[in-house]
Amino acid sequence: MRVHRSGTTLAGAALATLALLLPLAGPAGAAEDPGTRAVPARGSAYMGMGVMAHDGKGAGPAGGSALAAQTEGVDVSSHNGNVAWSTLWNSGVKWAYVKATEGTYYKNTSFNQQYTGSYNVGMIRGTYHFATPDTTGGAAQADYFVNNGGGWSKDGRTLPGVLDIEWNPYGAACYGKSASGMVAWIRDFVDRYRSRTGRDPVIYTATSWWKQCTGNSAAFASANPLWIARYASEVGELPAGWAYHTIWQYTSSGPTVGDHNHFNGDYSRVQALANG
């Protein structure tokens with residue numbers, strides 16, 4: 001058997017290399033080992049960050065007449081940097097949501113270019129908050145959101161704020177909360193947002209996360225519009241209580257900006273949501 005100059009056999013070297021790779025590979029479909037997962041920096045989360053990893057990605061929605069009553073929009077955060085808003089507008093994108101805040105510790109560093117830029121090309125736009133229920137309470141995060149770009153005004157161009165509640169990119173999927181604890185946290189957020197702005201916030205989530213982390217609560221369906229995340233040809237099953245969705249995030253790999261969405265209705269319905 002041939003030997004390396006260090007005295008290590010080729011077979012031994014191969015086994016050592018394999019041992020290094022095994023924790024990263026794992027069997028197909030196995031849960032990721034949190035000890036080997038690269039945890040992103042706080043503040044770097046964005047809408048839909050965990051969708052593909054947890055729910056996968058299928059074919060996109062069918063085109064043509066089936067989408068005649070849908071209005072195209074995008075969602076962006078600091079990871080998109082400076083956005084080419086005129087290119088998006090000319091491609092048919094008519095509305096946008098911009099990340100404003102996360103937890104009570106982060107404000108989008110690209111907020112001004114994204115929020116003002118979308119408005120300047122003619123879009124109806126709004127903002128979203130990436131929730132971290134393990135760091136501070138729901139009411140505190142709603143206040144931080146409203147105080148840092150998450151407010152609302154009845155100017156016909158501003159959409160109500162969004163609570164982005166999904167998989168925790170920094171740790172346990174449900175942020176260490178029981179289903180009842182998560183529902184209580186969300187309740188604190190939406191109640192404080194309504195008291196500060198007069199509007200019920202939109203809730204962005206994925207059905208699988210909602211089932212896992214809220215016990216499939218139906219507590220918010222009567223007041224809070226639903227923005228559902230599913231990268232497939234159809235919206236699919238909705239969380240309990242909601243008979244229909246308002247917005248569908250259907251891909252994270254669209255043109256110009258990855259995250260593309262269909263508003264469930266024509267442009268007049270987008271205007272109606274903005275006007276309250």
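So, here's what we can say about the structure. Starting afresh in each chain, residues are numbered from 1 along the sequence in its written order. Confidence filtering applies because this is a predicted model: local features only for residues at pLDDT of at least 70, side-chain atom pairs given and counted only at 80 or more, and all residues used for totals across whole chains, interfaces and linings. Each side-chain value is worked out from all heavy atoms of the structure, with water and hydrogens disregarded.

Re the environment of Ser 91
For clarity, the cut-off: Only DSSP runs of H or I reaching four residues or more are called helices, and only runs of E reaching two or more are called strands; each is numbered from the N terminus.
By the element assignment, Ser 91 lies in the loop between helix H3 (85-90) and strand E2 (95-102). Sequence separation of Ser 91 and Glu 72 is 19 residues, and the distance between their C-alpha atoms is 9.4 Å.

Let's talk about the environment of Ala 229
Selection rule: Using a 1.4 Å probe on the protein chains alone, a residue whose accessible area is under 20% of its type maximum counts as buried, one over 50% counts as exposed, and one in between counts as partly exposed. Any two residues having at least one pair of non-hydrogen atoms within 4.5 Å are treated as being in contact.
Its location among the elements puts Ala 229 in strand E7 (residues 226-229). Exposure remark for Ala 229: the relative accessible area of 3% places this residue in the buried category. Considered as a pair, Ala 229 and Asn 261 are 32 residues apart in the sequence and their alpha carbons are 9.0 Å apart. For Ala 229, the contacting residues outside a window of four places in its chain are Val 51, Tyr 204, Thr 205, Ala 206 and Gln 249.

So, helix H7 (residues 207-214)
Let me state the cut-off plainly: Throughout, the arc means the angular range of directions from the helix axis out to the C-beta atoms.
Within H7, the full set of buried residues consists of Thr 207, Trp 209, Trp 210, Cys 213 and Thr 214. Here the buried residues of H7 occupy an arc of 160° about the axis, which is enough to place them on one side. On its buried side, H7 packs onto helix H6 (179-197), strand E6 (202-205) and E7. One or two positions beyond H7, positive phi appears at Gly 215, with a value near 70°.

Some details on the packing of helix H5 (residues 138-150) against H6
Spelled out, the test is: To define axes, lines are fitted to C-alpha atoms, for helices over the stretch in contact only, and angles between the resulting N-to-C directions are given on a 0 to 180 degree scale. Angles below 35 degrees are treated as roughly parallel, those above 145 as roughly antiparallel, those between 65 and 115 as roughly perpendicular, and all remaining angles as oblique. Crossing handedness follows the turn of the near helix against the far one: under a right angle anticlockwise gives a left-handed crossing, and clockwise gives a right-handed one. Each residue gets one of three labels, nonpolar for Ala, Val, Leu, Ile, Met, Phe, Trp, Tyr, Cys and Pro, charged for Asp, Glu, Lys and Arg, and polar for the others, Gly among them.
Interaxial distance between H5 and H6 falls to 7 Å at its minimum, and their mutual angle equals 40°. Judged by the angle between their axes, H5 and H6 are oblique. Considering only the axes of H5 and H6, their crossing is right-handed. Judged by residue contacts, Gly 138, Ala 139, Gln 141, Ala 142, Asp 143, Phe 145, Val 146, Asn 147 and Gly 150 of H5 engage Trp 185, Asp 188, Phe 189, Arg 192, Tyr 193, Arg 196 and Thr 197 from H6. Grouping the constituent residues of the contact of H5 with H6 by class yields seven nonpolar, five polar and four charged.

Looking at unusual backbone geometry
The backbone of Tyr 175 sits at a positive phi, close to 60°, despite the residue not being glycine. Mapped onto the elements of the fold, Tyr 175 is located in the loop between strand E5 (162-164) and H6. Residue classification places Tyr 175 among the buried residues on the basis of a relative accessible area of 5%. Positive phi is not limited to glycine here, since Asn 216 has a value of about 60°. Positionally, Asn 216 belongs in the loop between H7 and E7. Given the relative accessible area of 24%, Asn 216 is considered partly exposed.

What to know about the pattern of salt bridges
Threshold: The term salt bridge refers to a side-chain nitrogen of Lys or Arg lying within 4 Å of a carboxyl oxygen of Asp or Glu.
For the coordinates displayed, the defined rule picks out eight salt bridges. A salt bridge links Arg 42 to Asp 134; the shortest N-O distance between them is 3.7 Å. Linking Arg 42 in the loop between helix H1 (10-25) and helix H2 (51-55) with Asp 134 in the loop between strand E4 (124-130) and H5, this pair joins segments that are 92 residues apart in sequence. With a relative accessible area of 37%, Asp 134 lands in the partly exposed category. The residue Arg 187 makes a salt bridge to Asp 191 at a minimum N-O spacing of 3.4 Å. Here the residue Arg 187 and the residue Asp 191 both occupy positions in helix H6, the gap between them amounting to four residues, near one helical turn. Since its relative accessible area comes to 29%, Asp 191 is described here as partly exposed. Look at the salt bridges and you will find they share partners, linking Arg 187, Asp 191, Arg 194 and Asp 200 into a network.

Details of the nonpolar core
Which entries qualify depends on this criterion: Nonpolar cores were defined as sets of buried Ala, Val, Leu, Ile, Met, Phe, Trp, Tyr and Cys residues, with membership established by side-chain atoms within 4.5 Å.
Trp 95, Tyr 97, Ile 165, Ile 186 and Trp 227 are the most contacted members of the largest nonpolar core, which has 64 residues in total. Among the elements that take part in this core, H6 stands out by supplying seven residues, more than any other.

A word on helix H8 (residues 267-275)
When we look at burial in H8, the residues that qualify are Val 270, Leu 273 and Ala 274. Down the axis of H8, the sector holding all buried residues measures 100°, keeping them to one side. Buried residues along H8 sit in contact with strand E1 (70-76), E2, E4 and strand E9 (260-264). Looking one or two residues past H8, Gly 276 carries a phi angle of roughly 75°, positive in sign.

Interpretation in functional terms is not warranted from these geometric data alone.
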